[in-house]
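Read off the chains here:
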Amino acid sequence: MTSSAIRQAFLDFFKNKGHEIVPSAPIVVKNDPTLMFTNAGMNQFKELFLGEAPIKFPRVVDTQRCLRVSGKHNDLEEVGIDTYHHTMFEMLGNWSFGDYFKKEAIAWSWELLTEVYKIDKDRLYVTVFEGDEQEGLPADTEAYDCWKMHINPDRILKGNKKDNFWEMGETGPCGPSSEIHIDCRSEAERQAVDGANLVNADHPQVIEIWNNVFMQFNRLKDGSLQPLPAKHVDTGMGFERLVRVLQHKTSNYDTDVFQPLINVIAQEANVVYGAQESQDIAMRVMADHVRAIAFAIADGQLPSNNKAGYVIRRILRRAVRYAYTFLNFKEPFLHKLVPVLAAQFEGVFNELFAQQDFVQKVVLEEEASFLRTLITGIQRFEGYHADENKVVNGDFAFELYDTYGFPIDLTALMAREKGWDIDMKGFEKALDEQKQRSRAATTIDTGDWVVLDEHTDTTFEGYDTLQTNTKLLKYRKI
Ligand code: ATP
Ligand code: MG
Ligand code: MG
Ligand code: MG
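Everything numeric in this text was worked out from a predicted model, so none of it was measured.

Participant: Quick question: what am I supposed to make of the overall build of the chain here?
Facilitator: A tally of helices and strands in the chain yields 16 helices and 14 strands. Out of the 478 residues belonging to the chain, those deemed buried represent 47%. Residue pairs in contact within the chain that sit at least 24 positions apart in sequence constitute 72% of those at least 6 positions apart.

Participant: I would appreciate a short explanation of helix α4 (residues 141-148) in the present structure.
Facilitator: Three or four residues apart is the spacing at which side chains of an α-helix point the same way, because the helix has 3.6 residues per turn. Within the sequence span of α4, burial applies to A143, Y144, C146 and W147. Buried residues of α4, seen end-on, are gathered within an arc of 165 degrees and therefore sit on one face of the element. Opposite the buried face of α4, by more than 90 degrees, sit the exposed residues T141 and K148.

Participant: Just checking my understanding: could you explain unusual backbone geometry for this structure?
Facilitator: Where the residue is not glycine, phi is negative for most of them; where a peptide bond is considered, it is trans in most cases. Not every positive phi belongs to a glycine, and H248 is a case in point at roughly 55 degrees. The topology assignment puts H248 in the loop between α7 (239-246) and α8 (259-269). Although it is not a glycine, K307 sits at a positive phi angle of roughly 50 degrees. When you line up the elements, K307 lands in helix α10 (residues 307-327). What makes K307 partly exposed here is the crowd of 17 C-beta atoms within 10 Å.

Participant: I keep staring at the domain arrangement of the chain and nothing clicks. Help me out?
Facilitator: In many reports, interface size means the accessible area that the parts give up when they come together. As far as domains go, the chain holds domain 1 (3-180 + 207-252) and domain 2 (273-466). Summarising the inter-unit geometry, the C-alpha centres of domain 1 and domain 2 are found 29 Å apart. Residue-level contacts link 29 residues of domain 1 with 26 residues of domain 2. Where the side of domain 1 that touches domain 2 is concerned, the elements lending two or more residues are β2 (59-67) and β3 (69-70). Each residue belonging to the side of domain 1 that touches domain 2 can be placed in one class, and the counts come to 14 nonpolar, 11 polar and four charged.

Participant: Explain the site of ligand 1 here, please?
Facilitator: Residues in close proximity to ligand 1 total 16 residues, the closest being D75, F89, N211, G236 and G238. When residues of the shell around ligand 1 are traced back to their parent elements, those giving at least two are β5 (88-97), β10 (206-219), β11 (225-238) and α7. If one sorts the elements of the shell around ligand 1 by residue count, β10 sits on top with four residues. In the shell around ligand 1, the residues fall into six nonpolar, five polar and five charged.

Participant: What should I look at first to understand the nonpolar core in this one?
Facilitator: Nonpolar side chains tend toward joint burial in soluble globular proteins. Counting 114 residues, the largest nonpolar core has M286, V290, I293, A294, A319 and A323 as its most contacted members. Shared between two domains, this core holds at least three residues of each, these being domain 1 (3-180 + 207-252) and domain 2 (273-466). Those residues in contact with A294, other than ones at most four positions away along the chain, are V338, L341, L352 and V359. Among the nonpolar cores identified, the runner-up in size contains 15 residues, and L400, Y404, F427 and L431 belong to it.

Participant: Sorry, what's going on with the packing of helix α9 (residues 277-298) against α10 here?
Facilitator: The description of two helices packed together rests on the angle between their axes and the distance between the axes. Where α9 meets α10, the axes come as close as 9 Å, and the angle between the chain directions of the two elements is 155 degrees. Considering their axes alone, α9 and α10 lie roughly antiparallel with respect to each other. Considering the relative orientation of α9 and α10, their crossing is left-handed. Across the interface between the two elements, S278, Q279, A282, V285, M286, H289, V290, A292, I293 and A296 from α9 touch I312, I315, L316, R318, A319, Y322, A323, F326 and L327 from α10. Split by residue class, the contact of α9 with α10 holds 15 nonpolar, three polar and one charged.

Participant: Whenever I open this one, the packing of α8 against α9 confuses me. Can you help?
Facilitator: Running from N to C, α8 and α9 cross one another at 125 degrees; their axes reach a closest spacing of 9 Å. Classed by the angle they form, the pair α8 and α9 counts as oblique. In this structure, α8 crosses over α9, and the sense of that crossing is right-handed. Residues L261, I262, I265 and A266 of α8 form the contact with α9, whose participating residues are M283, M286, A287 and V290.

Participant: Can you help me understand the pairing of β2 in this one?
Facilitator: Sheet faces and side chains relate simply in a regular strand, where the side chains alternate between the two faces. Counting buried positions along β2 yields eight of nine residues, so the element is predominantly enclosed. Sheet analysis places strand β1 (residues 20-21) next to β2, joined by two bridges and oriented parallel. Counted as the bridge partner of E20 is V60 from β2. Where β2 meets β5, nine bridges bridge the pair, whose relative direction is antiparallel. The residue of β5 that forms the bridge with Q64 is M91.

Participant: Can you help me understand the pairing of β10 in this one?
Facilitator: Counting buried residues in β10 gives 11 out of 14 residues, a clear majority hidden from the surface. Here 10 bridges tie strand β9 (residues 172-183) to β10, and the two strands are oriented antiparallel to one another. Opposite I180, over in β10, you have W210 as the bridge partner. The pairing of β10 with β11 spans nine bridges and is antiparallel. The residue of β11 that forms the bridge with W210 is M237. Connecting β10 to the next strand, β11, in antiparallel fashion are five residues, including G223 with a positive phi near 90 degrees.

Participant: Honestly, the confidence of the model for the chain in this entry has me stumped. Any pointers?
Facilitator: Reading predicted coordinates in detail is not appropriate for stretches of low pLDDT. Averaged over the chain, the pLDDT score is 89; the fraction of residues at 70 or greater is 90%. Note that pLDDT drops below 50 for residues 441-478; the model gives that stretch 79 contacts with residues more than four away or on any other chain. Here the predicted complex carries an ipTM of 0.99, next to a pTM of 0.89.

Conventions and cut-offs
- Each chain carries its own residue numbering, running from 1 in the direction its sequence is written.
- All chains are assigned letters beginning at A, and all ligands numbers beginning at 1, according to the order in which they are written.
- Only residues with pLDDT of 70 or above have their local features reported here, since the model is predicted, and side-chain atom pairs are shown and tallied only from 80 upward, although totals for entire chains, interfaces and linings are computed over all residues.
- A run of DSSP states H or I qualifies as a helix once it reaches four residues; a run of E qualifies as a strand once it reaches two. Both are numbered from the N-terminal end.
- Each residue is classed by its C-beta neighbour count within 10 Å, where at least 20 other C-beta atoms makes it buried, 12 or fewer makes it exposed, and intermediate counts make it partly exposed; the C-beta atoms are placed from backbone geometry.
- By the convention adopted here, residues make contact when the C-beta atoms placed from their backbones lie within 7 Å.
- The reported arc concerns the directions from the helix axis to the C-beta atoms and nothing else.
- Domain start and stop positions are those given by an automatic or database domain assignment.
- All amino acids are sorted into three groups, where Ala, Val, Leu, Ile, Met, Phe, Trp, Tyr, Cys and Pro are nonpolar, Asp, Glu, Lys and Arg are charged, and the leftover types, Gly among them, are polar.
- The criterion for a residue being near a molecule or strand is a backbone-placed C-beta atom within 6 Å of that molecule or strand.
- For the purposes of this analysis, a nonpolar core is taken to be any set of buried Ala, Val, Leu, Ile, Met, Phe, Trp, Tyr and Cys residues that are connected through C-beta atoms within 7 Å.
- Each axis is a line fitted through C-alpha atoms, and for a helix only the stretch in contact is used; angles between axes span 0 to 180 degrees, taken between their N-to-C directions.
- Throughout, the term roughly parallel applies to angles under 35 degrees, roughly antiparallel to angles over 145, roughly perpendicular to angles from 65 to 115, and oblique to all others.
- By the definition used in this description, the sense in which the near helix is turned from the far one sets the handedness, with an anticlockwise turn below a right angle giving left-handed and a clockwise turn giving right-handed.
- A pair of strands counts as paired when DSSP detects no fewer than two bridges linking them.
- Confidence scores per residue from the predictor, reported as pLDDT, run from 0 to 100.

Encoded structure:
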């Protein structure tokens, strides 16, 4: 099945169940102070959940372009290293606004996966919320009972608040969730471990594909949970992950979603994808990042020195540096991927197709400008030695930032490759001093979903990009 057919099958399935197909919202969010980029399909429906906007269609379905590079949902550090977290990805979703609830949502997700997409039932398992005493939230026995009608209870696992209580951000709609995971390990590997179906193995071939969220609460600024006026269903399935499963690949990058980009990169770099790990990572990062950059620009967010614009600039610079260091791209190249991408998304997200010349020009300009300082900056970095504790001095990190345009997370990445840390406090201090020197301070703001207090100035919030998420799954059997 091609990726286009897979996407269409999702939309058609829910259309046949009475859902209205609606367009994706832009990836850039302009009218919500708690959010910079769309990080889930439900964002555009926030007001419907909160009861603040009229419900036009009680059931909708779509594919939403999402970006998870900052704030509560930040996957940037995984991208390219693993094979299933992207910066920009499509989230397929179906919604019920005060209409159907757990029983139908669960039954339909099972039907779609096993009967339409014909995924082997023995490779699927699901999770349900185990409850949380501190918050006074009960275990989701209703979801458990619904799943029991379809799947062996052995394959229903309980998950904690971190994994099975979905929240769009620090505030906003939230509720217990039920995730569907797939075990794509080879048969031999599955047999070798514990006889057969070891679930939730911390293994790159065991991945989450779909989340069913049962929206019931609104998280308020003071941290409390307020019941929503009605109960809703909000689901999100990672399109690229689904395609990987259905095309029987072991990496999202091996699917027809990414191969057109990878092929062009490999050809131009004169390397073979799959031959060398560091080059492969660089190719994956480039293929991934260009999607984030291109869609953000097409949706109106130009790279700049602050807020959402700086997030885009950081992603672009990260890609340029990977290209330069591991694939020897000394000239601007990323922009050449824009038409490839635009052609892929014609008829899906036409915004990019329609503006590809403009997007390409912006990317080219950004690449060219960073390449002018990147090479000297890298030479400075190569000539630098971390102290005996393997820590990069904050002033030096600031020099790379200030003189050579290295976003701090890029310097941190380069440091990590050498086994070094960065003196972030020192960096921050140098940054503060510069801010004080200049009244027209440059604000770096990488957080989204942070609750902005109108009365305080936003300050540096880049640390979250440095945290590496451990992917250990922490469920226990019921
Ligand atoms: P994971 O645990 O793998 O990080 P998640 O629980 O953070 O995923 P959700 O917020 O539940 O993800 O989003 C719904 C679906 O979107 C997931 O089931 C997954 O298929 C997909 N998804 C989430 N993050 C990414 C990403 N960074 N890249 C690609 N797909 C993603
Ligand atoms: Mg995640
Ligand atoms: Mg998860
Ligand atoms: Mg999830």
